[in-house]
Each structure stands twice: as C-alpha cells, then as structure tokens.
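Next come the chains, spelled out residue by residue.
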Amino acid sequence: MRYSMYNTLNEILSCPGMRDYLPYFFSEEALACFPKDLADAPLSLIRYRGKTPWSKDLCEASEQLVDAANLISQIQKGKRRCVDPGTGRDWFPEGVRKEAEPAEVFLVTPKIRKKITKTRPALLICPGGGYEFVSFANEGTPIAERVQRRGYLPFLLRYSTAPARFPKPQVDLVEAICYIRRHAAEYGVDPERIGLVGFSAGGHLVASTMCLYAHLAMGISEDAALHPPRAIALGYPVITFETGSTHEGSFQALTGGQEYLRSRLSVENMLPEGGAFPAAYVFACEDDETVPPENARILKRALDDRGIPCSLRLFPQGGHGCGLGFATSAFSWSGEMLDFFDRQLAAKGRDTIPTRESK
C-alpha cells in the first residue's frame, strides 16, 4: 500500500508495525498536533485544521507524515533495507515506544533493484537535530526523494545522539561510508562516487568527520580510508563551537559541555593540512536565528585559505531547518547542490552526469 493525503491518520497509525518505526522517522510532537476528533478524516481535509508550533498549519507536517509512512512501508516490505552499518545486520525497532532511543543507529538504503545494469553515484544524507535527535521528517526523507529523482542512490543515516558524546556520531558516519563501499555491488553504487549531505548539526557531523576521516576509517577499513567521499553539501551547518557564533545546544549535546573541546571541535580549526578535504557546496539563510549564518562564512574562509573548492550561497530568507526550502528564497539550493554533485562526482570515461531514476 502506498499512502497519500487521502488516507486518514488512523489508517496510517493502524498499519501493523507502523507505531514501532514511526518515532524514528516522524516527530511525536508534530503527531500530537493532529486533531484527534478528525483522525478518521482524510489528511487532505484536516491539513488546515490544526497548527504546529513551528508552522502556520499542518500542511507540511501532513506531507511529512505520508513520506515517513511510505518509507516505513517500503522497509517492511523489503523494498529498502534498514541496517546497522557497523555489523551489516538488519535493524528493527524493539517494540512500541513514544520516543526514539538516542543510541539506536541505522542506515536506510536506497530501493532494492533486482536488475542492476549500471552503477550510480550515492549520496549519504545526515539530517540535523542539534545532536539531540535526528530530523528525518524535513531533512531526511524529502531530501532522499529529491536526489533519487535526479538519479542518485540515497542513503539515510540515523547516528547516535546525546547522551552519546564525541566521537561516537563521527564513528557512526564512517561506519556508514564503509558499509556503502563494502556493499556497493549489492546496491549498484559506484564506490568511487560517494557524496555526503549534512544539515545543521548534521553539517557539523559531516564536516568534522571529513577532517578526521583518515584516522577514523583506518581502524575500520583500509580501503575506505584510502578513498574518502569526493564531495559534500552542507545546509545551514554548525561549523564553529566558539562562543558568539555557535549553536550552543549542539556543542553541549556533542561534548557534554567540556570546554577544552570547544576550539578543538570547531571545524575551522580541524581542517587537515595538504588540502585533504572534499569540495563543498554550502548554503545558509541570512534570517537564521538558530545557527548564525556566520558559520557558513567561517567555513568558506577557512577552505579558501587552503585552496579547497567551496561554493557558498547565502539566501535572504528561509530561516533554520527549511529543508527543501519551498516558499522561501532558498528554494533553488537543492538544484544547485545537484548540479555541484553532477560536476564533482562525474565518472571519468563513463556517464558524465547521473542517469535519471527509471520508474
């Protein structure tokens, strides 16, 4: 079954196993905003009948709920895998719970293709959440759908969050990259064409991991250590932990407030010598009141100083956590990002841009 806005809230929640998975892919806070007296009405009719703390109405939340339900359905039917990247074993939620467990780490794979005729580039997506949760609803599932339609193979990572501390989330990301390389043939991935996408704290996760990649990967896979991702994209990222320009919540959640790590885990201070850092596309919004856009500028200056390619886009309006940025001035960022990956992940001697996803 494929869910749509014509389904009711009760129809979605009554699907066997849905409530087990849903806390990992959709906010319980948002779910509580849906009017209970309209739970048997189509979502298309109640999307304007309730409000969330962060949006005018339930339009966006309703669409995100449908996206989450369809992703969960695909996992349950074996059309995608949900795996522990460290062991490679299938991951399953342990019974019904109201909130996702911080220590639960898993990787959602692209749709399983029965017949693979050519390899494609992969993008590993790391949503944000201040290192306190992982925001699949607006920075995971919709992004995966967007890049998939362009011909990329999307992987979604749920990494460790507080009370887990540095370097556990960074190790989770390296293990996910190593998993993709080891299982490249299974998913039709070109192991030499892997890119990373990170948002907010997920942007800090991606950037800091790339600074430490050779060291972290060597203990997991020598092959992966020698072949880091070729390009990254960061949306409204946390870059610095220095007081005055940082998102303090991300620093506290990742480090437990250990002040000696404030400078050491600021990405501008972590960049390796010799240009061993991937090309980057970075965007932020000038009206972001959560993560100062100065973070994006700090990274741009640091990469420019080292001669590392970095494309920075600052949009006047979009705030923080805008996801795909529809109805904001940042709406063009995803197309710009995909054009960037087309150039950076072009296969030499083969296809020069990703092939579009066949139906």
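This one's a predicted model, so the numbers in the text were calculated from it and none came from an experiment.

Colleague: Break down the pattern of salt bridges for me, with residues and values.
Modeller: Counted according to the given criterion, the structure contains 18 salt bridges. The shortest N-O distance in the salt bridge between Arg150 and Asp339 comes to 2.5 Å. Remark: Asp339 occurs in helix H16 (residues 333-344) and Arg150 occurs in the loop between helix H7 (141-149) and strand E4 (153-158); sequence separation between them is 189 residues. Note on Arg150: relative accessible area 16%, which makes it buried. Of the charged contacts, one joins Lys300 and Asp304 as a salt bridge, the two residues approaching to 3.3 Å between their closest N and O atoms. With Lys300 and Asp304 both in helix H15 (residues 294-305) and four residues apart, the pair spans about one turn of that helix. For Lys300, a relative accessible area of 23% translates into the label partly exposed. The class for Asp304 is partly exposed, based on a relative accessible area of 42%.

Colleague: If you had to explain helix H10 (residues 201-218) to someone new, which residues and values would you point to?
Modeller: When the terminal C-alpha atoms of H10 are compared, their 24 Å separation across 18 residues agrees well with the 26 Å that a helix rising 1.5 Å per residue should span. Taking the largest bend as the criterion, H10 deviates by roughly 70 degrees, centred on Leu212. Counted residue by residue, H10 has 14 buried out of 18 residues, so it is predominantly covered.

Colleague: Can you break down the packing of aromatic side chains residue by residue, with the values?
Modeller: Evaluated as defined, the whole model comprises 19 aromatic pairs. For the ring pair Tyr24 and Phe106, a centre distance of 5.9 Å and an interplane angle of 70 degrees mean the geometry is edge-to-face. On the criterion of sequence distance, the pair formed by Tyr24 in helix H2 (residues 18-25) and Phe106 in strand E2 (residues 106-108) is long-range, its members being 82 residues apart. On the basis of relative accessibility, which here comes to 0%, the residue Phe106 falls in the buried class. Centroid distance Phe283 to Phe315: 6.1 Å. Interplanar angle 70 degrees. Geometry classified as edge-to-face. Taken together, the residues span a long stretch of sequence, with Phe283 in strand E7 (residues 279-285) and Phe315 in strand E8 (residues 310-315) at a distance of 32 residues. Residue Phe315 is classed as buried on the basis of its relative accessible area, which comes to 3%. Ring pairing ties together the aromatic residues Tyr21, Tyr24, Phe25, Trp91, Phe106 and Phe136, which thus form one cluster. The ring of Phe251 is capped by Arg262, whose NZ or CZ atom sits 3.9 Å from the centre of that ring.

Colleague: Lay out the nonpolar core in plain terms, naming residues and giving numbers.
Modeller: The biggest cluster of nonpolar side chains holds 120 residues, and the ones touching the most others in it are Phe25, Phe26, Phe34, Leu124, Trp333 and Phe341. Sorting elements by how many residues they give to this core places H10 first, with nine residues.

Colleague: Could you give an account of the packing of H7 against H16, with specific residues and numbers?
Modeller: Where H7 contacts H16, the two axes come as close as 11 Å, and the packing angle between them is 50 degrees. When the axis of H7 is compared with that of H16, the two are oblique. Crossing of H7 over H16 shows right-handed handedness. Residues Ile143, Arg146 and Val147 of H7 pack against Trp333, Ser334, Gly335, Met337 and Leu338 of H16. The class makeup of the residues in the contact of H7 with H16 is five nonpolar, two polar and one charged.

Colleague: Provide a residue-level description of the confidence of the model for the protein chain, including the pertinent values.
Modeller: Residues of the protein chain with pLDDT of at least 70 account for 95%, and the chain-wide mean is 93. For the stretch residues 349-359, pLDDT sits under 50, and the model shows 26 contacts to residues farther than four places along the chain or on other chains.

Colleague: Break down the packing of H2 against helix H5 (residues 59-76) for me, citing the residues and quoting the values.
Modeller: For the pair H2 and H5, the least separation of the axes is 10 Å and the interaxial angle reads 125 degrees. By the angle class used here, H2 and H5 are oblique. In this structure, H2 meets H5 at a crossing whose hand is right-handed. Of the residues in H5, those in contact with Met18, Tyr21, Leu22 and Phe25 of H2 are Leu65, Ala68, Ala69, Leu71, Ile72, Ile75 and Gln76. Looking at side-chain class alone, the contact of H2 with H5 contains ten nonpolar, one polar and no charged residues.

Conventions we followed
- Residues numbered from 1 in each chain as written.
- Predicted model: local features only at pLDDT ≥ 70, side-chain atom pairs only at ≥ 80, totals over all residues.
- Heavy atoms only, no water.
- Salt bridge = Lys/Arg side-chain N within 4 Å of Asp/Glu carboxyl O.
- Helix = DSSP H or I, 4+ residues; strand = E, 2+ residues; numbered from the N terminus.
- Buried < 20%, exposed > 50% of the residue type's maximum accessible area, 1.4 Å probe, protein only.
- Expected span 1.5 Å × (residues − 1).
- Bend = angle between axes of the 7 residues up to and from the residue.
- Phe/Tyr/Trp six-rings, centres within 6.5 Å; stacked < 30°, edge-to-face > 60°.
- Lys NZ or Arg CZ within 6 Å of the ring centre and 35° of its normal.
- Core = buried A, V, L, I, M, F, W, Y, C linked by side-chain atoms within 4.5 Å.
- Axes fitted to C-alpha atoms, helices over the stretch in contact; angles between N-to-C directions.
- Parallel < 35°, antiparallel > 145°, perpendicular 65-115°, else oblique.
- Left-handed = near helix turned anticlockwise from the far one by under 90°.
- Contact = heavy atoms within 4.5 Å.
- Nonpolar A, V, L, I, M, F, W, Y, C, P; charged D, E, K, R; others polar.
- pLDDT = per-residue confidence, 0-100.

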